[in-house]
Amino acid sequence: MPGAPGFRPVTNVADRTASVLGDPEYRVEGRDKVTGAARYAADVAMPGMLHVAFVASPYAHARIVAIDVSDARALPGVRAVITGEDTKPARLGRRLQDWPVLCWDRVLFIGDRVAAIAADSAAIAEDAARRVRVEYEELPAVLDADAARGPQAPVLHPDASSYRYFGGDRPSIPHPNLQAYAVHRHGDVDAGFRAAHRVYSHTFTVPRTHQAYIEPRAALVWLDGEVLHVVTTNKAPFALRQQMAASLGIAEANIVVDAGHIGGDFGGKGLSLDEFALAYLARASGRPVRSVTRYADDMQATNTRHAATIALTTAVDADGRILAHTSRVVFDGGAYAAGKPVATLLPGDAMLTLAGYRVPAASVEAMSVYTNQVPAGHSRAPGQPQNAFAAESHIDLVARSLGIDPLVMRERNVVRPGDIDITGAPWHGTDGAEVLARLRTAAHYAEARTTPHSLGAPAIGSGVALGVRHVGRGRASMVLRLSRGRVELRTGVADQGGGAYTLFQRIVATELGIPLGRVTVTRGATDAVPNDPGVGGSRVTPVQGGAALDAARKLRVRLAELGRALADAGDLEVIGEASQETHDASMYAYALRVLVDVETGSTKVEHATLVADVGTVINPVALRGQLEGGFVFGLGQALMEELRLEDGRVTNPSFADYKIPTIADVPPLQVELITGDPGPGPFGAKSVGELANPAVGAAVANAVQDAVGVRVWSLPITAEKIWAELTRPDEVREVAGSAED
Amino acid sequence: MKFTHTATVAAPRAKVWAQVMDVPAAARCVPGVASVRASGNGKYQGTLAVQVGPVRLVLDGDLAITARDETAGTASLRAEAKDSRVGGAIHATMNLALAEKGGETELRIDSDLAVMGRLGEFGQPVIKRKADQLMRDFAECLARQASAR
Amino acid sequence: MSFDYHAPRSVGEALALLERYGEDAHVMAGGTATVLLMRQGLLRPGHVVGLRAIDELRGISRTGSGGLRIGATVTHREVERSAEARAYSSALIEAFASVATVRIRNQATVAGNLAHADPAQDPPPMLAAFGATVNVRSPRGGRALPVSELAVDHFTTSLAHDEVITEIVLPPLEAGSRGTYLKFLPKTADDYATVSVAATLRLADDGTIAETRIVLGAVGPTPIRARRVEEALRGRTARAVAEAAALVREEVDPIDDARGSVSYKREMARVWTGRALARLLR
Ligand SMILES: Cc1cc2nc3c(=O)[nH]c(=O)nc-3n(C[C@H](O)[C@H](O)[C@H](O)COP(=O)(O)OP(=O)(O)OC[C@H]3O[C@@H](n4cnc5c(N)ncnc54)[C@H](O)[C@@H]3O)c2cc1C
């Protein structure tokens, strides 16, 4: 905040014992949140602050012929107006900087920005935005990923070779409209297919979805001499500093990024947009400038989950054992790849098309395609909800076709430590057999499958699905200070609601054997704490938690060296560091029971059992919250969530029409934890933030087929899709349902 | 959003053609059109007032005949209009085709409409329904006018 | 967004304000619909005339003849919890309790609901099925009109800009008449209906259907009265329901949107009409 130092205490907890790990935790920032004291980016104001509005393209693809801002500039209260001419050639992005801060020659999707205005009030800024006259020449829009790869398709990024790519060389691409392309091969695929008893091919589709965080994106930017200050909703402030430095040509030392509480992220808030244009406006106006994104704009013009088409082919023997697998995943990346942080420029787990199984031979192809649609970025377990929906539907279809019980099919194929999985490497993670065994007992699987249902009542069905998620990797560091018997941990983590500060406090207190109340956690802006990789990739517990643990250990060692007790050691400071690079993974599995209204197709999940391998539990309440929340998140994408697009325009850009589940829709969820297999995180912890959501869609689809005998090949599994399958003439259904070779 | 509307006019094609190509007169067939005047080069300026419940829009814009082929009985029009109060715009292209069928003329209008900006947030499905209605009224009114004269 | 907010204490004062500011004024009750439109920038009144401080617009009571009077600014939640409303018909409670969430129901008013005229709303079909009328006042005087004549198109009513609904009056129910309200929510419990059916039904002494009134929500530009279905059921029994309900497919006029395609909604109108009737005939 202006003037104030970068530190804000986030703990204010009364003394509690440090024998904590088993006890339910008390959220250190909970009080501030429920009393409204917690500060979010949109709450921060500065004297003299201006408000920002953007002018956005109404076209999916067009050339900018001319922009006339004179009327906007003439409006009283307008302090600065900038266009792409002022920002060119600046582009933004997390890994590949391909998204213009403001467009100057062409716009590539509806919502692409061409001008920005700073004014005394938001109303004036908006009014001015309406007065900007932009002349466009409409160009043919490429609205689907197949068309974009055709020989006739207009090249959307002819200057791609000049774009900045962080960290080495950008992977090569075989078609100019690809954002990314990757292949993987292991084992003797041909031999696997030759030996097959049967070969099955199925194709699935998954739509664009929004992360549906509650807090709107917001940014406040001002210049203090040469130093650019940025208050943001970005969950990776150090990464944003790097991106801004590169794209604006400012030294990182002259940028301070401050991210406070974040009101939900689910992957979407790793990409910042406004901050870049705001830097220009702050310079142009000499004033602090703030923007708060309207939700409709967030849904139309930020970074959604990728829509995808996933084609899977698997060769099996007569017992259903997987011999070989080929797949092709086409992600619609939208207009820009800027939202993707990983080196491949694919959604993180794009290549895991049959995760959790022994796959002796595989050939996987995945790509992300430029189109004139809403750009796609990261969303909770990137790539997985698409691939898990496909894989777990596919496995079920194979099982049904072979007359094998779906759970037995999975038991025969699930990975166990040392098995070769879809990555071609030996599996290093959960013993899949244990997860499925727990599921079988916990869900009373045998009984559930034989329960008859009465005539006229909704049809009952049960479905299973499993999923896999890596334990987060990366490096982090933080500072631990001892002063007068109290310790203070200083971190750069901006908590997006996962409970990071509580986690750190419990780790430090546990390691030092002191009460929680003697450990304070403070968050600092980028100028006040060591580099932090930010929240994401299931990283906070194993990586940042690891740094907190390392700090506590170092302090203990120093105390031992000094021969002092904590209470009388004076002032000490250590830096905790962690580097978690092991390729560990966790597994989870669902058994769901659904009720299907056969006249309407309406489906309700009536009960769910989730078995999850979580390692050591540090925050028991938050851990449960992540698993339950993950389930609800997955349930939304399974049953209702979809950004509907027409000619590149989102036609349901509000929560009145883009529905997410409410608590009334959530069935009883039985959570079974496997804690006996320690992970690489502190005290043996693993990651859970992205562990539970991806497999829900397939579990529902499988249960629906069990209930009414029809297969839904795309998400969301709406009543209408089921109804359409149910009312389709039988002959036609047969054909669609047996998509096998 | 794309629409197709047809109407049968009890008049010969040539007469309907003349009627339709008299843009200011034809435009009066669009419910809510306040004024249309020629601005030269086959272009026209006009205002369209639309009300959906409490939301009142005044769309100022241009209409241009982008192609005309009297022999074939086809013409294309492009309309662009903007509401500067609410913030939003409408773009439409219309392809007209006239076919004579035993003394009567079949009028067919294929239109492609985009509702952009804030305006579009009112609810695309409802807007679509409104636009559909508007175009249908337009086609029917044209047919009525041409039959009457 | 800047405007003057007026809080008149009487309908007379409210009407005077509407007269004074003309088109620049907008009536607001609970504000749940109005404020959203204002925030979207679609509605930009210079003067907002709030109705909630007007005592004469409040209260629910039985009328002398056994009907029900609901004041314009009575909230959905008040109706839902009203003993008078429940005594009138539990179907009325079902319809009001189906609206959104308790947060919205605590704020949204009955007249605001009717005047908003979103065809996907829950109370209007039920009120229409009960044959309710609204009393309306303007600077020119008062009039009464049936709820079924209020909505004329999506979000559009037959009210003039300066007309204020003062109360909703439900006529006494005929002896033996029953009502029901069903809302089809295939996605989430917090949504507008994909289709909804409000129905009332009275049996004749011989057990045949003497009269039924069926009004559907969310499947047309206004609530849709299923007159053909009603006709087909007169003098018939439960056995005629399936065939009669099928007629509704051609009576509704839905749009294709996030809640379903036109053909799906037509079919669902049939299914839910059948279910509502089955419920009334149980
Ligand atoms: C999140 C959400 C979910 C919803 N879900 C549902 C749902 O499931 N089912 C459903 O039925 N509805 C639903 N609604 C709509 C809700 O019912 C309406 O918004 C509400 O009834 C409007 O009432 P209000 O008092 O808030 O009206 P206001 O917003 O105050 O006014 C609405 C309109 O009515 C006019 N008006 C108000 N009072 C009068 C009067 N006395 N005389 C004349 N005109 C008047 C106003 O001028 C305005 O045009 C939902 C709304 C929201 C915000």
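So, a few notes on the structure that sits alongside this text.

Let us look at the pairing of strand β3 (residues 62–68) of chain A. All names here are of chain A. In this sheet, strand β8 (residues 106–107) lies alongside β3 in antiparallel orientation, the contact comprising two bridges. When the sheet's bridge partners are listed, Ala-62 is paired in β8 with Val-107. Where β3 meets strand β10 (residues 133–138), six bridges bridge the pair, whose relative direction is antiparallel. Directly across from Ile-67, in β10, lies its bridge partner Val-134.

What follows concerns the side chain of Thr-609 of chain A. Along the chain, Thr-609 of chain A turns up in strand β29 (residues 603–613). A residue is classified by how much of its surface remains accessible, and Thr-609 of chain A, at 1% relative accessible area, is buried.

Here we take up the interface of chain A and chain B. Counting residues at the interface gives 15 residues for chain A and 19 residues for chain B. Both faces combined, the contact of chain A with chain B buries some 1200 Å², and carbon together with sulfur accounts for 39% of it. Linking chain A with chain B are two salt bridges, by the criterion used here. In this structure, Arg-78 of chain B engages Glu-138 of chain A in a salt bridge whose closest nitrogen and oxygen atoms are separated by 3.8 Å. Linking chain A to chain B there are three residue pairs in polar contact (both at pLDDT 80 or more). Only α4 (122–131), β10 and α9 (295–301) of chain A provide two or more residues apiece to the side of chain A that touches chain B. A breakdown of the residues in the side of chain A that touches chain B according to their chemical character gives five nonpolar, one polar and nine charged.

A few words now on the interface of chain C and chain A. The interface of chain C with chain A comprises 24 residues on the first partner and 20 residues on the second. Of the roughly 1800 Å² buried at the junction of chain C and chain A (both faces included), carbon and sulfur atoms supply 49%. Our enumeration of links across chain C and chain A arrives at four salt bridges. Two residues, Arg-275 of chain C and Glu-599 of chain A, come together in a salt bridge whose shortest N-O distance is 2.8 Å. Our enumeration of links across chain C and chain A arrives at 11 residue pairs in polar contact (both at pLDDT 80 or more). For the side of chain C that touches chain A, the leading source of residues is helix α12 (residues 262–281) of chain C, giving seven residues. In terms of residue class, the side of chain C that touches chain A is made up of 10 nonpolar, five polar and nine charged.

What follows is about the state of the cysteines. Residue and element names in this part refer to chain B. Applying the stated criterion across every chain yields a total of one disulfide over all chains. Here Cys-29 is linked by a disulfide to Cys-141, with a sulfur-sulfur distance of 2.0 Å. The S-S bond linking Cys-29 to Cys-141 shows a torsion near -70°; that makes this disulfide left-handed. In this pair, Cys-29 sits in the loop between α2 (23–27) and β2 (33–40) while Cys-141 sits in helix α3 (residues 124–148), placing the two residues 112 residues apart along the sequence. On the basis of relative accessibility, which here comes to 4%, the residue Cys-29 falls in the buried class.

It is worth spelling out the environment of Asn-303 of chain A at this point. Residues and elements named next belong to chain A. Looking at the secondary structure, you find Asn-303 in the loop between α9 and β18 (304–305). Look at Asn-303 and you get buried, because its relative accessible area is 0%. Distance from Asn-303 to Ser-57, taken between C-alpha atoms, is 16 Å for residues 246 residues apart in sequence. Residues contacting Asn-303, with those up to four places away along its chain left out, are Gln-211, Arg-217, Gly-268, Leu-271, Gly-339, Pro-375, Ala-376, Gly-377 and His-378. Of note is the side chain of Asn-303, whose polar atom sits 3.2 Å from the backbone oxygen of Gly-268.

What counts and how
- Residues numbered from 1 in each chain as written.
- Chains lettered and ligands numbered in written order.
- Predicted model: local features only at pLDDT ≥ 70, side-chain atom pairs only at ≥ 80, totals over all residues.
- Heavy atoms only, no water.
- Pairing = 2+ DSSP bridges.
- Helix = DSSP H or I, 4+ residues; strand = E, 2+ residues; numbered from the N terminus.
- Buried < 20%, exposed > 50% of the residue type's maximum accessible area, 1.4 Å probe, protein only.
- Contact = heavy atoms within 4.5 Å.
- Buried area = accessible area lost by both parts, 1.4 Å probe.
- Salt bridge = Lys/Arg side-chain N within 4 Å of Asp/Glu carboxyl O.
- Polar contact = N/O pair within 3.5 Å; in protein donor to acceptor, adjacent residues only side chain to side chain.
- Nonpolar A, V, L, I, M, F, W, Y, C, P; charged D, E, K, R; others polar.
- Disulfide = S-S within 2.5 Å.

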